[in-house]
Structure formats: C-alpha cells, structure tokens
Amino acid sequence: MIDYDWPGNVRQLQHLIRQLVVLGQCKDITVEMIPKKIWNLSDTSKAPDSYEMCFCEAVSSFEKRLLLQALDQANGNKTKAALTLKLKPSTFRDKLQKYQL
C-alpha cells in the first residue's frame, strides 16, 4: 500500500479503510481484501488470489459499496445520495439501517 500513488490522498485512503471495515466479513483486514489496483502490479506475485464468496455476500458487498460511495459524493447528505442512486430517501435510509451504515 505504501507504493500506491493515492491520487485521492487522505480522502481516498479513508474511503478504502471505511469500505474494508464495513464490507469485511470478519474483524480483521486481510491482504486479500485490498483491491488489486492498490497492489504494485509490476510484481504480480504480490497480488493476492481473489477469494470466493457466495452470491448473497457479493450482492450485499456491492450494495454497501454503492451506498457509501453515494454518501461520500453527496458529502453525507442522505437525500442527495438517495437521488444519485435513483432511490426514494426512505428506501435509502432503510438500506443504511439494514447494513448499519
């Protein structure tokens, strides 16, 4: 992670850590959870193999990531984030509550 350019600086790093904590299925962040773009891909032996997950976990993970990205883009404004995703604000809030975001 040290070798990654971090074009978004601290905000990008914070977003990655937030995703890893929220989307992680366990309490520890593992190497396999770090996105491959962060890895120094010039040495592909360092990149972890992708791990398997069931369909429901994949869908939940994707949905959480969308919710967090929309919130981030809307600077925390839930109504704007909901509109970005073309959701009713009440549906957006329900999903946030479902994932404890």
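Since this is a predicted model, take the numbers as computed values, not measurements. (Residues numbered from 1 in each chain as written. Predicted model: local features only at pLDDT ≥ 70, side-chain atom pairs only at ≥ 80, totals over all residues. Heavy atoms only, no water.)

Colleague: Looking at this structure, how should I read unusual backbone geometry?
Modeller: Located in the positive-phi region is Asn75, a residue other than glycine, with phi close to 50°. On the secondary structure map, Asn75 appears in the loop between α2 (55–73) and α3 (78–84). Take Asn75: its relative accessible area is 67%, and that puts it in the exposed class. Located in the positive-phi region is Lys86, a residue other than glycine, with phi close to 60°. Mapped onto the elements, Lys86 comes out in the loop between α3 and α4 (89–98). Taking the relative accessible area as the measure of exposure, Lys86 reaches 75% and is therefore exposed. (Helix = DSSP H or I, 4+ residues; strand = E, 2+ residues; numbered from the N terminus. Buried < 20%, exposed > 50% of the residue type's maximum accessible area, 1.4 Å probe, protein only.)

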